[in-house]
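An overview of the molecular structure
Chain by chain, the residues:
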Amino acid sequence: MDTQNIIPDQSIALFVKNIMVFENKSNVETIIPFFADGYPGLLFHQTEAGLTIQPHGKKMPIIFLYGQTIEPITIDLNGPFKIIIFQFYPFVLRAFWEINPEDINDNCYDLNNRPETKLNKLITEILSSPTIQEKVIIISKFLISYFEQKRNKLDFSIKGVIQFIIDKKGTVPIKEIAKKKNCTSEHLKEDFSERLEYPQNNSRK
């Protein structure tokens, strides 16, 4: 199995952390471990026999969103495949699709469930593109279309704070983060709660 990491183009770098590609041309069974990394994302797969998430035994759609992985899972495939994963920053699920991230922890979200999303044309275009690079470009354009719709609602100062936390591997004191943002610790907590948590009137009871 061939793997590669692709640095996101600047056009999507504000909301995409990394792009991962897994490719196998052999007619064998492949099991890919999927570890908790704290990031939600979008997964596209091009396979002959489909993609199954274990231990749930769940057959997945060709393209879907997934939440943070809490429990270890594996991606099971038979035969040749191409998998492209766009890793998002934590705020993206809510900001782009108004999805409470906790609702799809260890789970996925089929984009066909959204009334404004018609995936048949997108999937056909991705499947018919011969190279990984072309497929990545098509998915990137799809995400940019969401960005264009939602850009007025996004606060990219929050994205900068998230990146600072990631760069420091979560070890930085909150006072240092607040100082970087020129605010108090209390204000920073309120800011994050307001922008990154799902609105209370839409939260689960």
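Criteria and thresholds
- Residues numbered from 1 in each chain as written.
- Predicted model: local features only at pLDDT ≥ 70, side-chain atom pairs only at ≥ 80, totals over all residues.
- Heavy atoms only, no water.
- pLDDT = per-residue confidence, 0-100.
- Contact = heavy atoms within 4.5 Å.
- Salt bridge = Lys/Arg side-chain N within 4 Å of Asp/Glu carboxyl O.
- Helix = DSSP H or I, 4+ residues; strand = E, 2+ residues; numbered from the N terminus.
- Pairing = 2+ DSSP bridges.
- Axes fitted to C-alpha atoms, helices over the stretch in contact; angles between N-to-C directions.
- Buried < 20%, exposed > 50% of the residue type's maximum accessible area, 1.4 Å probe, protein only.
- Arc of directions from axis to C-beta.
- Core = buried A, V, L, I, M, F, W, Y, C linked by side-chain atoms within 4.5 Å.

1. What to know about the confidence of the model for the protein chain
For the protein chain, mean pLDDT is 84; residues scoring 70 or higher make up 89% of the total. Confidence over residues 197-205 falls short of pLDDT 50; this stretch has eleven contacts with residues more than four positions distant or in other chains.

2. Re the pattern of salt bridges
As enumerated under the stated definition, the model contains one salt bridge in all. For lysine 82, the salt bridge is made with glutamate 23, and the minimal N-O distance between the two is 3.9 Å. Remark: glutamate 23 occurs in strand β2 (residues 16-24) and lysine 82 occurs in strand β9 (residues 81-88); sequence separation between them is 59 residues.

3. Section: the sheet that holds β2
Pairing is antiparallel in the open sheet, where six strands are placed in the order β1-β2-β9-β4-β7-β10. Whereas interior strands pair on both sides, the edge strands pair on one side only; in this sheet they are β1 (2-6) and β10 (108-110). For this sheet, the mean angle separating the axes of adjacent strands, direction not counted, is 20°. Two strands pair when backbone bridges link them, and strand β4 (residues 41-47) and strand β7 (residues 63-66) are joined in this way by four bridges, in the antiparallel orientation. Of the residues in β7, the one forming a bridge with leucine 42 is leucine 65. Against the sheet, helix α2 (residues 120-128) contacts β4 and β7, and its axis sits at roughly 60° relative to β4. Taken strand by strand, helix α3 (residues 132-150) contacts β1, β2, β4 and β9, and its axis lies near 35° from that of β9.

4. A few points about α2
Taken together, the buried positions of α2 are occupied by Leu122, Ile123 and Ile126. Taken around the axis of α2, the buried residues stretch over an arc of 95°, which confines them to a single face. Within α2, the exposed residues directed more than 90 degrees away from the buried face are Asn120, Lys121, Thr124 and Ser128. Looking at the buried positions of α2, the neighbouring elements they touch are β4, β7 and α3.

5. Thoughts on the pairing of β2
Of all nine residues that make up β2, eight are buried, and the element is covered over most of its length. Here five bridges tie β1 to β2, and the two strands are oriented antiparallel to one another. Along β2, the bridge assignment pairs isoleucine 6 with isoleucine 19. Pairing geometry for β2 and β9, over eight bridges, is antiparallel. Opposite asparagine 18, over in β9, you have glutamine 87 as the bridge partner.

6. Notes on the nonpolar core
Counting residues in hydrophobic clusters, the biggest one holds 39 residues, and the most contacted among them are Leu42, Phe86, Trp97 and Leu143. Elements with a minimum of two residues in this core: β2, β4, β7, β9, α1 (92-97), α2, α3 and α4 (156-167). Top contributing element to this core by residue count: α3, with eight residues. With 17 residues, the next largest nonpolar core counts Met20, Ile73, Ile75 and Ile85 among its residues.

7. Concerning the sheet that holds strand β6 (residues 58-59)
Reading across from one edge, β3-β8-β5-β6 is the order of the four strands in this open sheet, with antiparallel pairing throughout. The open sheet has two edge strands, β3 (29-34) and β6, and neither has a second partner. Here two bridges tie strand β5 (residues 51-54) to β6, and the two strands are oriented antiparallel to one another. Opposite threonine 52, over in β6, you have lysine 59 as the bridge partner.

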